[in-house]
Amino acid sequence: MSTPTVVGTLDDDAPAPARPGRKRRQAHNVEASSHHRGPVWTVAGYAGMVLVVLVVAVPLFWILITSFKDRGDIYVRPAQWWPNPATTQNYSELTTRIPFFDYVRNSVIITAATSIAKIVLGVLSAYALSLLRFPGRSIVFLVVIAALMVPNQITVISNYALVAQLGWRNTYQGIIIPLAGVAFGTFLMRNQFLNLPGEIIEAARLDGAGPMKLLWRVVMPMSWPTLVAFALITVVNEWNEYLWPYLMSDDETTATLPVGLTFLQNNDGVTNWGPVMAGTVLAMLPVLVLFLFLQRQMIKGLTAGAVKS
């Protein structure tokens, strides 16, 4: 009696059996390629970082060492990358040639008043456009977006004519009020408020929190990093503002520090750059210290909402 032979059928639609050796070779090739490109891209990334740091740091370093050089050492060829000998004469001359501390006082007053106005108005308008309901809210936001697209230089002539008619030239209010725009702050803070958890907002409303209590007790504590970023950007921009204070101020009673430093340059074209660089260093120092203290919060605020949890 013969044993029956069972013949299996091959399904045409079934996938072909994988070859273990081929899979191992493919995995090895991918791993080798990743291992080969990893160090290359890492080195390229660090090289790019070093290049960016040099582009930013070298001019700052040159300004710093020039502020400690004698006048004759500034123009020597080849350039000296270290003051020899170092002197503080430029800083003394800075405070004697111009009323330096008056310019610093004006910058502090104008920067503080303008920054506070922008921050308060920006937060309130952003809160209204994001968490309150009223007719025409979308149209108002479109107007804010349109304001972001208009350069400040375009409105200089009309603002200057208006301020001159009001008799506000060479006054603090003539400099502060036209600069108290809120378009950027409204846009930034509105995006932050819209990304807040809706459940927490609704729970606070159900607990009886009014609009202002909801803003200061619930919304603002959750938006602290973005608020710090907004405040730091505003302070830096207002501290460095030049064009409008230059047009509005006539003397040291209202002129800011960036405007005052221009009086160190001689009209005959022969400028002693030592005091100019010394003034530049002192002008940068407050902003630099502020940024070093708040840089972590600023980065958190600018990247808020970029990565979903």
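Below or above, wherever it landed, is the structure these notes cover. The shown structure was predicted, so the numbers you read here are calculated from the model rather than taken from an experiment.

Side note on a nonpolar patch on the surface
Right, on to step 1. There is a patch of nonpolar side chains on the surface, built from V50, L54, V58, F61, W81 and W82 and spanning about 630 Å² of accessible area.
Right, on to step 2. Topologically, F61 is positioned in helix α1 (residues 20-66).

Some points on helix α3 (residues 89-97)
Right, on to step 1. Restricting attention to buried positions, one finds in α3 the residues N90, Y91 and L94. All buried residues of α3 project into a common sector of 100° when viewed along the axis, lining one side.

Things to note about the pattern of salt bridges
In a structure, side chains of opposite charge can pair up when their charged atoms sit close to one another.
Right, on to step 1. Here the structure, examined in full by the defined rule, presents five salt bridges.
Right, on to step 2. For D102, the salt bridge goes to R105, with nearest N and O atoms at 3.7 Å. Within this pair, D102 and its partner R105 are both found in helix α4 (residues 100-131), separated by three residues, close to a single helical turn.
Right, on to step 3. Residue D102 is classed as partly exposed on the basis of its relative accessible area, which comes to 28%.
Right, on to step 4. With a shortest N-O distance of 2.6 Å, E238 and K118 are connected by a salt bridge.

Considering the packing of α4 against helix α11 (residues 224-239)
Right, on to step 1. Contact geometry for α4 and α11: axes closest at 9 Å, N-to-C directions at 145°. For α4 against α11, the interelement crossing comes out right-handed. Judged by residue contacts, S107, V108, T111, T114, S115, K118, I119 and V123 of α4 engage L227, F230, A231, T234, V235, E238 and W239 from α11.

Description of the packing of helix α9 (residues 198-206) against helix α10 (residues 211-222)
Right, on to step 1. Where α9 contacts α10, the two axes come as close as 11 Å, and the packing angle between them is 165°. Of the possible angle classes, the one that applies to α9 and α10 is roughly antiparallel. α10 is crossed by α9, and the crossing has right-handed handedness. Here I200, I201, A204 and R205 of α9 come into contact with α10, specifically with L214, V218, V219 and M222.

Structural notes on the nonpolar core
Right, on to step 1. Residues V123, Y127, M189, F193, L214, V219 and L227 are the most contacted members of the largest nonpolar core, which totals 19 residues.
Right, on to step 2. Apart from residues no more than four positions distant in its own chain, L227 is found in contact with I119, V123, M189 and M220.
Right, on to step 3. Counting 18 residues, the second largest nonpolar core, distinct from the first, contains Y91, Y103, M277 and V287.

Comments concerning the packing of aromatic side chains
Right, on to step 1. Using the criterion set out here, one finds seven aromatic pairs in the structure.
Right, on to step 2. Aromatic side chains Y242 and Y246 sit 5.4 Å apart centroid to centroid with 20° between the ring planes, which places their arrangement in the stacked category.
Right, on to step 3. On the accessibility criterion, Y246 (42% relative accessible area) is partly exposed.
Right, on to step 4. For R190, the ring lying beneath its charged end belongs to F141, and the centroid distance is 3.7 Å.

Describing the side chain of S223
Right, on to step 1. Its location among the elements puts S223 in the loop between α10 and α11.
Right, on to step 2. On the accessibility criterion, S223 (0% relative accessible area) is buried.
Right, on to step 3. Not counting residues within four places of it along the chain, the set of residues in contact with S223 comprises M189, Q192, F193 and L196.

A short note on α11
Given 3.6 residues per turn, any residue in an α-helix points the same way as the ones three and four places further on.
Right, on to step 1. Over its 16 residues, α11 runs 22 Å from end to end, which matches the ideal 22 Å to within 8%, given 1.5 Å per residue.
Right, on to step 2. For α11, every residue scored as buried is listed here: T226, L227, V228, A229, F230, L232, I233, T234, E238 and W239.

Remarks on the side chain of T256
Right, on to step 1. Counting through the fold element by element, T256 comes out in the loop between α12 (243-248) and α13 (257-261).
Right, on to step 2. Residues contacting T256, with those up to four places away along its chain left out, are Y103, N106, S107, I110, E241 and P245.

With respect to unusual backbone geometry
Right, on to step 1. Cis geometry marks the peptide bond from R77 to P78; its omega dihedral reads -5°.
Right, on to step 2. By secondary structure assignment, the location of P78 is in the loop between α2 (71-74) and α3.
Right, on to step 3. In this model, N84 is joined to P85 through a cis peptide bond whose omega is 5°.
Right, on to step 4. With respect to the element layout, P85 can be found in the loop between α2 and α3.
Right, on to step 5. The phi torsion at N170 lies on the positive side, around 60°, for a residue other than glycine.

Focus on the environment of I63
Right, on to step 1. Relative to the elements of secondary structure, I63 occurs in helix α1.
Right, on to step 2. I63 sits in the buried class, given a relative accessible area of 17%.
Right, on to step 3. Note: C-alpha distance between I63 and V281 (218 residues apart in sequence) is 7.2 Å.
Right, on to step 4. With near-sequence residues (within four places) excluded, I63 lies in contact with M277, T280 and V281.

Parameters and conventions
Residues numbered from 1 in each chain as written. Predicted model: local features only at pLDDT ≥ 70, side-chain atom pairs only at ≥ 80, totals over all residues. Heavy atoms only, no water. Patch = residues over 30% accessible without salt bridge, like charges linked within 9 Å, V, L, I, M, F, W, Y side chains within 5 Å. Areas by Shrake-Rupley, 256 points an atom, 1.4 Å probe, with all protein chains shown as cover. Salt bridge = Lys/Arg side-chain N within 4 Å of Asp/Glu carboxyl O. Helix = DSSP H or I, 4+ residues; strand = E, 2+ residues; numbered from the N terminus. Buried < 20%, exposed > 50% of the residue type's maximum accessible area, 1.4 Å probe, protein only. Arc of directions from axis to C-beta. Axes fitted to C-alpha atoms, helices over the stretch in contact; angles between N-to-C directions. Left-handed = near helix turned anticlockwise from the far one by under 90°. Contact = heavy atoms within 4.5 Å. Parallel < 35°, antiparallel > 145°, perpendicular 65-115°, else oblique. Core = buried A, V, L, I, M, F, W, Y, C linked by side-chain atoms within 4.5 Å. Phe/Tyr/Trp six-rings, centres within 6.5 Å; stacked < 30°, edge-to-face > 60°. Lys NZ or Arg CZ within 6 Å of the ring centre and 35° of its normal. Expected span 1.5 Å × (residues − 1).

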